[in-house]
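Read off the chains here:
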Amino acid sequence: MKLDLALVIPVHDDLPGLTRLVGEARQSGLFRQIIVVDDASPLPVPAMEGVTLCRLPDNRGAGAARNAGLDLVDCTHVLFFDADDTLLPELSRLTEHLAETPNFDLCQFKYAQSSELRHGHWGQPDYDEAVWAEAGLSLARHKVLSPAQRHLIAQTANYPWNKICRTEFLRAEGIRFMEIPLHNDLAFHWRVLSRAKTVIASDRMCAYHRVHTGRAHLTNRRGHERLCVFDALDTVRRELASLAPDWHTAFAAFASGLVTWARQGLDEASLDRFDRLSEQFFENMKETGSPPGHVR
């Protein structure tokens, strides 16, 4: 058996990275569909053999590009990668297992991150490894998560490219990426983990993620763009309001860590506005039932 899998790749002005990733995807033979969404690159992405190419008329960000790609998926399952990420060999073994696993909505797997290589470590950052260990998953090749484990795994970094999702699950639940400049994958992360009926965790390391340095890269900007973190966080806060208290506790801990990280290195001109939004957000968290000990 083979998992019926689509790969969706948003790209803006990174043809070398895209060409490499598409080559890896073709060579792997894992994907029935490879969908590239060109987010209005200055030099349009050319047609590629075996690739469904969609070009957006204007630059709308990775969230909008992923949504456009999802609309084109006709495979039962989908994986989102960025053009500068790398498929690792373990993905083939994981998909073989998943092809024999009926009715899972989501599989979250481990990844390696370039920032860890600078410290001589191959794998996830310490904060994600700590969550996996606390959930008792460090030595679990594949495991269906209990509710308590899902609350913990939800506190990992909100990446979209360490998850294989069932396409019909995303569509039935109306799960999309937010179309904001930064943090557009945050709500997606919490939506899939909180709404899926069956979540599988795998310690197979299937993706290599490159962390860029320098403020020219959108992810590293520390100006007013960073303020949209509160749009994403407040969206999730409202969506989790009707769920069990354990979800509120998990999200409060996640939000506290993310806000602390986002404030670091923020431009001086944005600090006052950031702090006001932060204070309001955590006040709102208390009103929706999060334990006071988990908010600032």
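Attention in this report is confined to the structure presented alongside it. Keep in mind it's a predicted model, so treat the numbers as computed, not measured.

What counts as what
- Residues numbered from 1 in each chain as written.
- Predicted model: local features only at pLDDT ≥ 70, side-chain atom pairs only at ≥ 80, totals over all residues.
- Heavy atoms only, no water.
- Core = buried A, V, L, I, M, F, W, Y, C linked by side-chain atoms within 4.5 Å.
- Buried < 20%, exposed > 50% of the residue type's maximum accessible area, 1.4 Å probe, protein only.
- Helix = DSSP H or I, 4+ residues; strand = E, 2+ residues; numbered from the N terminus.
- Contact = heavy atoms within 4.5 Å.
- Axes fitted to C-alpha atoms, helices over the stretch in contact; angles between N-to-C directions.
- Parallel < 35°, antiparallel > 145°, perpendicular 65-115°, else oblique.
- Nonpolar A, V, L, I, M, F, W, Y, C, P; charged D, E, K, R; others polar.
- Pairing = 2+ DSSP bridges.
- Right-handed = clockwise from strand over helix to strand, strands pointing away.
- Salt bridge = Lys/Arg side-chain N within 4 Å of Asp/Glu carboxyl O.
- Expected span 1.5 Å × (residues − 1).
- Phe/Tyr/Trp six-rings, centres within 6.5 Å; stacked < 30°, edge-to-face > 60°.

### Some points on the nonpolar core
Here is step 1: Judged by nonpolar contacts, the single largest core of 61 residues is most densely connected at Val78, Leu170, Trp190, Val192, Leu233 and Phe251.
Here is step 2: Here this core takes nine residues from helix α10 (residues 245-263), the largest share from any one element.
Here is step 3: Dropping the residues within four chain positions of it, Val192 is found in contact with Leu106, Lys163, Cys165, Phe169, Leu170 and Ile175.
Here is step 4: If you look at the next biggest cluster of nonpolar residues, it comprises 35 residues, including Leu5, Phe31, Phe104 and Ala207.

### Some details on the packing of helix α9 (residues 229-240) against α10
Here is step 1: Running from N to C, α9 and α10 cross one another at 175 degrees; their axes reach a closest spacing of 11 Å. As the angle between them shows, α9 and α10 are arranged roughly antiparallel. Taking contact as the criterion, the partners of Val229, Phe230, Leu233, Val236, Arg237 and Leu240 in α9 are, on α10, Trp247, His248, Phe251, Phe254, Ala255, Leu258 and Val259.
Here is step 2: Along the lines of polarity and charge, the residues of the contact of α9 with α10 split into eleven nonpolar, one polar and one charged.

### Some thoughts on the pairing of strand β1 (residues 5-11)
Here is step 1: With seven of its seven residues buried, β1 lies for the most part within the structure.
Here is step 2: Side chains Leu5, Leu7, Ile9 and Val11 of β1 all project onto a buried face; the interleaved residues Ala6, Val8 and Pro10 project onto the opposite face, where all are buried too.
Here is step 3: Where β1 meets strand β2 (residues 33-38), six bridges bridge the pair, whose relative direction is parallel. Bridge assignment links Pro10 to a residue of β2, and that residue is Val37.
Here is step 4: For the segment spanning β1, helix α1 (residues 15-28) and β2, crossover handedness is right-handed.

### Details of the environment of Cys165
Here is step 1: With respect to the secondary-structure elements, Cys165 resides in strand β8 (residues 163-166).
Here is step 2: As a C-alpha pair, Cys165 and Arg141 span 24 residues in sequence and 18 Å in three-dimensional space.
Here is step 3: Those residues within four positions of Cys165 in sequence are excluded, and the remaining contacts are Thr76, His77, Val78, Asp105, Leu106, Leu170, Phe188 and Val192.

### Notes on the pattern of salt bridges
Here is step 1: According to the stated counting rule, one finds 18 salt bridges in the structure shown.
Here is step 2: Here Arg195 ties to Glu173 by a salt bridge, and the two come within 4.0 Å at their closest N and O atoms. With Arg195 in helix α8 (residues 186-195) and Glu173 in the loop between α7 (167-172) and α8, this pair connects stretches of sequence that are 22 residues apart.
Here is step 3: Here Arg195 falls in the partly exposed class, since its relative accessible area comes to 27%.

### A few points about helix α11 (residues 268-287)
Here is step 1: The end-to-end C-alpha distance of α11 is 30 Å, a good match for the 28 Å that 20 residues give at a rise of 1.5 Å each.
Here is step 2: By the burial criterion, the buried members of α11 are Ser270, Leu271, Phe274, Ser278, Phe281, Phe282, Asn284 and Met285.
Here is step 3: In this structure, the buried residues of α11 make contact with α9 and α10.

### Focus on the packing of aromatic side chains
Here is step 1: All chains considered together, the criterion is met by 15 aromatic pairs.
Here is step 2: Look at Tyr111 and Tyr159: their rings are 5.5 Å apart centre to centre, the planes differ by 85 degrees, and that puts the pair in the edge-to-face class. Placement of the pair is Tyr111 in strand β6 (residues 106-113) and Tyr159 in the loop between α6 (147-153) and β8, with a sequence separation of 48 residues. Residues Tyr111 and Tyr159 agree in their burial class; the two are buried.
Here is step 3: Residues Trp190 and Phe251 carry aromatic rings whose centres are separated by 5.1 Å and whose planes lie at 80 degrees to one another, so their mutual orientation is edge-to-face. Here the residue Trp190 occupies a position in helix α8, and Phe251 occupies one in helix α10, the gap between them amounting to 61 residues. Neither Trp190 nor Phe251 differs from the other in exposure class; each is buried.
Here is step 4: By way of ring pairs, the aromatic residues Trp190, Phe230, Trp247, Phe251, Phe254, Phe274, Phe281 and Phe282 are connected into one cluster.

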